[in-house]
Amino acid sequence: TQLPTLNIEIENKTISIPIRQRFQTIMKEKRSNLCLSADLTNLDEIIKLSKQVGSNICMLKIHSDILTDFSMDKIQQLKDISRKLNFLLLEDRKFADIGNTVKLQYTKGLFRIVEWADLVTVHALPGECIVQGLEQSAQSINEPRGCLLIAQMSSKGAFTDNEDYVKGVVECAKKYSDFVIGFISQSRLTTTDEFLHCTPGVHLNNTGDQLGQQYVTPRQAIDERGADILIVGRAILDSINRAKTAEEYQQQGYQAYEEIRKI
Ligand code: 6AU
């Protein structure tokens, strides 16, 4: 398969950048390993927020199926902001079905996710056919697309806490490494830096919520959970000053990342 690339115009020359490399470049240039999990139900509010925190984040994650005002027009606005302020858009769809069904879910329906999301989250539970289905759909789009495989979850009692399962997920990622650029994880799963480890369950003040979410601090996420990217939601969304809090998580996160990963 061909590497997905983004064509960028620099001084009238078109340069193709694979999505994995683009992600790493964004992180370095912006000194940010912060992914804001914008779990809000209003896309207008997300658009507004993305302008406020866009310079602090390397990625914005949304759940399009919780939005009450979704439209392709609005999502295009968000995409334009993501290009202008240089962050990736992640749709946290958590695909989990057979190849044929995920192809339809990825390309059709109200959301037509493949048309705007740089990355999507995917459960490997159905086996490698799920990645094959998504990768096939992505090839019809003239822009780079990729996915993060959910290897481990942050919630209490998660059934992903199983060594054989996680091994299978890693094997699948290696086999489809053009499309799978990383993991949603709670530990370091590979010795090379090929795969980005993205870790949710990050909060400086809370240790959990009432529904099984479990939190660690940004430094613990990087040091003890092997994170490259910190996925932070309510710690920022519920704070009094979202922009200021995002900046705090960016600074603390990237400082710990530089120190611990020695990049
Ligand atoms: O920081 P929070 O707890 O407000 O939000 C965490 C976000 C939510 C979850 O749907 C998501 O991260 N998440 C995921 C993802 C990203 O796939 C996996 C997981 O194990 N735990 C988790 O919280 O949007």
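Because the structure is predicted, anything quoted here is derived from the model rather than measured. (Residues numbered from 1 in each chain as written. Predicted model: local features only at pLDDT ≥ 70, side-chain atom pairs only at ≥ 80, totals over all residues. Heavy atoms only, no water.)

## Some remarks on the layout of surface pockets
Summary: where empty space remains is shown by rolling a probe the size of a single water molecule over the atoms.
Argument step 1. Of the voids in this model, the largest pocket is the one considered here, and its volume is about 490 Å³.
Argument step 2. Taken together, 25 residues form the lining of the largest pocket, with D39, S154, P200, Q213 and R234 sitting closest to its centre.
Argument step 3. Elements that contribute at least two residues to the lining of the largest pocket include exactly β5 (88–95), β10 (229–232) and α8 (234–237).
Argument step 4. By residue class, the composition of the lining of the largest pocket is 10 nonpolar, nine polar and six charged. (1 Å grid on protein atoms, 1.4 Å probe; cavity = no way out; pocket = protein on both sides within 12 Å on 5 of 7 lines; lining within 4 Å. Points joined across faces, edges and corners; volume = space filled by probe spheres on them. Helix = DSSP H or I, 4+ residues; strand = E, 2+ residues; numbered from the N terminus. Nonpolar A, V, L, I, M, F, W, Y, C, P; charged D, E, K, R; others polar.)

## Some words on the pattern of salt bridges
Argument step 1. Considering all chains together, one arrives at 19 salt bridges under this definition.
Argument step 2. Here D193 makes a salt bridge to R188, at a shortest N to O gap of 3.5 Å.
Argument step 3. Given the relative accessible area of 29%, R188 is considered partly exposed. (Salt bridge = Lys/Arg side-chain N within 4 Å of Asp/Glu carboxyl O. Buried < 20%, exposed > 50% of the residue type's maximum accessible area, 1.4 Å probe, protein only.)

## Considering the UniProt feature "active site" (unreviewed entry) in the protein chain
Argument step 1. Those residues carrying the UniProt feature "active site" (unreviewed entry) are D92, K94 and D97 in this numbering. Set against the largest pocket, the annotated residues that line it come down to D92 and K94.
Argument step 2. Tracing the chain through its elements places D92 in strand β5.
Argument step 3. Leaving out residues up to four positions away in the same chain, D92 has contacts with K61, I62, H63 and T121.
Argument step 4. Following the sequence through the fold, K94 ends up in strand β5.
Argument step 5. If we skip the residues at most four places from it in the chain, K94 touches H63, T121, V122, H123, I150 and M153. (UniProt positions renumbered as here; feature names shortened; annotations may be inferred. Contact = heavy atoms within 4.5 Å.)

## Quick notes on the nonpolar core
Grouped burial of nonpolar side chains is what soluble globular proteins tend to show.
Argument step 1. By size, the foremost hydrophobic cluster in this structure holds 80 residues, and its most contacted members are F23, M59, L60 and L149.
Argument step 2. Those residues in contact with M59 that lie beyond four places of it in its chain are F23, L34, C35, L36, F87, L88, L90, L119, L148 and I229. (Core = buried A, V, L, I, M, F, W, Y, C linked by side-chain atoms within 4.5 Å.)

## Describing the pairing of strand β6 (residues 119–123)
Argument step 1. With five of five residues buried, β6 lies mostly within the body of the structure.
Argument step 2. Taking every second residue as pointing to the same face, both faces of β6 are buried, with L119, T121 and H123 on one and V120 and V122 on the other.
Argument step 3. When β5 meets β6, the two strands line up parallel, connected through three bridges. Each bridged residue has a counterpart across the sheet, and for E91 the counterpart in β6 is V120.
Argument step 4. Running through helix α4 (residues 99–107), the crossover from β5 to the neighbouring parallel element β6 is right-handed.
Argument step 5. Both β6 and strand β7 (residues 146–150) contribute to a ladder of five bridges, which runs parallel. Paired with T121 across the strands is L148, a residue of β7.
Argument step 6. Traced from β6 through helix α5 (residues 129–138) to β7, the parallel crossover comes out right-handed. (Pairing = 2+ DSSP bridges. Right-handed = clockwise from strand over helix to strand, strands pointing away.)

## Topic: the environment of R261
Argument step 1. Among the structural elements, R261 can be located in helix α9 (residues 242–261).
Argument step 2. Measuring from C-alpha to C-alpha, the distance between R261 and A227 comes to 9.4 Å, with 34 residues separating the pair along the chain.
Argument step 3. Every residue in contact with R261, bar those within four places of it in the chain, is listed here: R188, I222, G226, A227, D228 and A256.
Argument step 4. There is a polar contact of 3.3 Å between the side chain of R261 and the side chain of D228. (Polar contact = N/O pair within 3.5 Å; in protein donor to acceptor, adjacent residues only side chain to side chain.)

## Thoughts on the environment of V202
Argument step 1. Along the chain, V202 turns up in the loop between β9 (196–199) and α7 (218–223).
Argument step 2. Considering only alpha carbons, one finds V202 and G127, 75 residues apart in sequence, at a separation of 29 Å.
Argument step 3. Residues in contact with V202, not counting those within four places in the same chain, are Y215, V216, T217, P218, A221, L230, I231, V232, A235 and Y249.

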